[in-house]
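# Commentary on secondary and tertiary structure
So you can see what is in the structure, the chains are spelled out below.
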Amino acid sequence: MSDSVYRVTEVIGTSPESWEAAARNAVETAAGTVRDLRVAEATRFDITIDDGKIETYRVRLDISFKYEGS
């Protein structure tokens with residue numbers, strides 16, 4: 001088995017529906033520009049509120065991806 005190196009970066013996903021949809025949005029959007037995503041860890045959940053009602057669910061994710069070898 002060869003050694004591997006991974007990078008962890010933070011992304012924030014949003015959705016008017018749910019935290020799950022917000023996380024899915026973040027991962028799918030990141031996957032459009034970053035290859036070989038491996039793990040996403042939800043580190044923070046919050047919401048925005050307007051006029052006493054939930055407007056947007058937000059989830060902060062630490063996602064990791066593998067560096068490519070030469």
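Higher on the page you've got the structure.
Residues numbered from 1 in each chain as written. Predicted model: local features only at pLDDT ≥ 70, side-chain atom pairs only at ≥ 80, totals over all residues. Heavy atoms only, no water.

## What about the pairing of strand 3 (residues 53-66)?
Counted only if it meets this: Two strands form a pair only when DSSP identifies at least two bridges running between them. Note on conventions: DSSP H or I runs of at least 4 residues are helices, E runs of at least 2 residues are strands, and numbering of each starts at the N terminus.
Two elements, strand 1 (residues 6-15) and strand 3, share ten bridges in a ladder whose sense is antiparallel. Among the inter-strand pairings, Thr 9 is bridged to a residue of strand 3, identified as Ile 63. Bridge count between strand 2 (residues 37-50) and strand 3: twelve bridges; the pairing is antiparallel. Counterpart to Arg 44 in the pairing with strand 3 is Arg 60. Connecting the antiparallel pair strand 2 and strand 3 is a turn made up of two residues, with Asp 51 showing a positive phi of about 55 degrees.

## Some points on a nonpolar patch on the surface
Heads up, the rule is: Here a patch means residues that are over 30% exposed by relative accessible area and free of salt bridges, tied together within 9 Å if like-charged and within 5 Å if nonpolar (Val, Leu, Ile, Met, Phe, Trp, Tyr). What sets the accessible areas is the Shrake-Rupley method with a 1.4 Å probe; for residues, cover comes only from the shown protein chains. A pair is scored as a salt bridge if a Lys or Arg side-chain nitrogen falls within 4 Å of a carboxyl oxygen belonging to Asp or Glu.
Residues Trp 19, Phe 45, Ile 47, Ile 49 and Ile 54 make up a contiguous nonpolar surface patch of roughly 480 Å² in combined accessible area. In terms of residues, the nonpolar patch owes the most to one element, strand 2, which gives three residues. Along the chain, Trp 19 falls in helix 1 (residues 19-31).

## A few points about unusual backbone geometry
Only a minority of non-glycine residues have a phi that is not negative, and only a minority of peptide bonds are not trans. Put simply, the test is: Accessible area is worked out with a 1.4 Å probe on protein chains only. A residue is then buried under 20% of its type maximum, exposed over 50%, and partly exposed in between.
A positive phi angle is found at Asp 36, which is not glycine, with a value near 60 degrees. Along the chain, Asp 36 turns up in the loop between helix 1 and strand 2. Owing to a relative accessible area of 37%, Asp 36 belongs among the partly exposed residues under this scheme.

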